[in-house]
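# A look at the structure
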Amino acid sequence: MAARRQSRNELDTDDRDVMPDSAFAFPRLRKEPLNDATHVRNAIARFDQVRDATDAERTEAFKRIERAAKRHGVNMTETSWRELGKPSARMKSSDRPKTGGSRDELYAEAKRRDIKGRSSMTKVQLQRALNSR
C-alpha cells in the first residue's frame, strides 16, 4: 500500500499530539493550531465555529491569533474576536464577495475584479477566489 503524501500545511494526528498547548488559539480545547500562515488564516475564518469556549478564552485566543498573524505575515483587519469568521461589518453589501448564484454570475464577478485564472475555475473555485479577496 502506498503511503499518502502529506502537504506542507497539513497536520496529521501525530503532529498535533506533539504540539504544545500554547501552539493553539484555544489551548484548553486544543483547537485552531497557529503553526503557519495557512493555519492562522483558517483560525480567523473558523473562529466563530469553535464550541465550548468562554468569552475569556475567545479574548485570549484572539490575542494569540493576532500575534501569530504578525509572525506569519497574515493581514488581519478585525479588531475584536466578535468580528472573526464573519463578513466585515465595515464592508458595504455591494462589496461583499458573492458566494451564491450560477457559475456564470460568479465568473462575471471574478472578471469584474480581474481575478487571474478565472476562465478555468469551477464554481467552487470561483466562490473561494471571490471570498479570499
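So, a few notes on the structure that sits alongside this text. Bear in mind the structure is a predicted one, so any value in this text is a computation, not a measurement. (Residues numbered from 1 in each chain as written. Predicted model: local features only at pLDDT ≥ 70, side-chain atom pairs only at ≥ 80, totals over all residues. Heavy atoms only, no water.)

## Here we look at the pattern of salt bridges
Pairs may arise between side chains of opposite charge once their charged atoms sit close together. In plain terms, the rule: In what follows, salt bridge is the name for a side-chain nitrogen of Lys or Arg lying within 4 Å of a carboxyl oxygen of Asp or Glu. The helix and strand labels rest on DSSP assignments: H or I over at least four residues marks a helix, E over at least two residues marks a strand, and numbering proceeds from the N terminus. Relative accessibility decides the category of a residue: with a 1.4 Å probe and only protein chains considered, values under 20% of the type maximum give buried, values over 50% give exposed, and everything between is partly exposed.
Within the structure shown, the criterion is met by seven salt bridges. Measuring nitrogen to oxygen at the nearest pair gives 3.5 Å for the salt bridge that ties Glu 60 to Lys 63. Taken together, the residues Glu 60 and Lys 63, both in helix H3 (residues 55-72) and three residues apart, mark about one turn of the helix. Glu 60 sits in the partly exposed class, given a relative accessible area of 36%. Relative accessible area serves as the criterion here: at 37%, Lys 63 is assigned to the partly exposed category. Note that Asp 114 and Arg 118 form a salt bridge whose closest N and O atoms lie 3.7 Å from each other. Residue Arg 118 is classed as buried on the basis of its relative accessible area of 17%. Look at the salt bridges and you will find they share partners, linking Glu 109, Arg 112 and Arg 113 into a network.

## Focus on the nonpolar core
Our working rule: Nonpolar cores are built from buried Ala, Val, Leu, Ile, Met, Phe, Trp, Tyr and Cys residues. Side-chain atoms within 4.5 Å join them into one set. Any pair of residues with heavy atoms lying within 4.5 Å of one another is described as a contacting pair.
By size, the foremost hydrophobic cluster in this structure holds 19 residues, and its most contacted members are Val 40 and Ile 65. Every element with two or more residues in this core is listed here: strand E1 (24-26), helix H2 (37-46) and H3. Of all the elements, H3 adds the most residues to this core, at five residues. Other than its neighbours up to four places away in sequence, Val 40 contacts Pro 33, Leu 34, Ile 65, Ala 68, Ala 69, His 72 and Val 74. In terms of nonpolar packing, the next biggest core, distinct from the first, is built from seven residues, Leu 106, Met 121, Ala 129 and Leu 130 among them.

## What about unusual backbone geometry?
Within the chain, Asp 52 stands out as a residue other than glycine whose phi angle is a positive 65°. Here Asp 52 shows up in the loop between H2 and H3. Phi is positive for Asp 114, which is not a glycine, with a value near 55°. Its location among the elements puts Asp 114 in the loop between helix H4 (103-112) and helix H5 (123-131).

## Concerning H4
Quick reminder of the rule: The arc in question is formed by the directions pointing from the helix axis toward the C-beta atoms.
Buried within H4 are the following residues: Leu 106, Glu 109 and Ala 110. The arc that holds every buried residue of H4, seen down its axis, measures 100°, which confines them to one face. Pointing more than 90 degrees away from the buried face of H4 are the exposed residues Asp 104, Lys 111 and Arg 112. Positioned one or two residues after H4, Asp 114 has a phi angle of 55°, which is positive.

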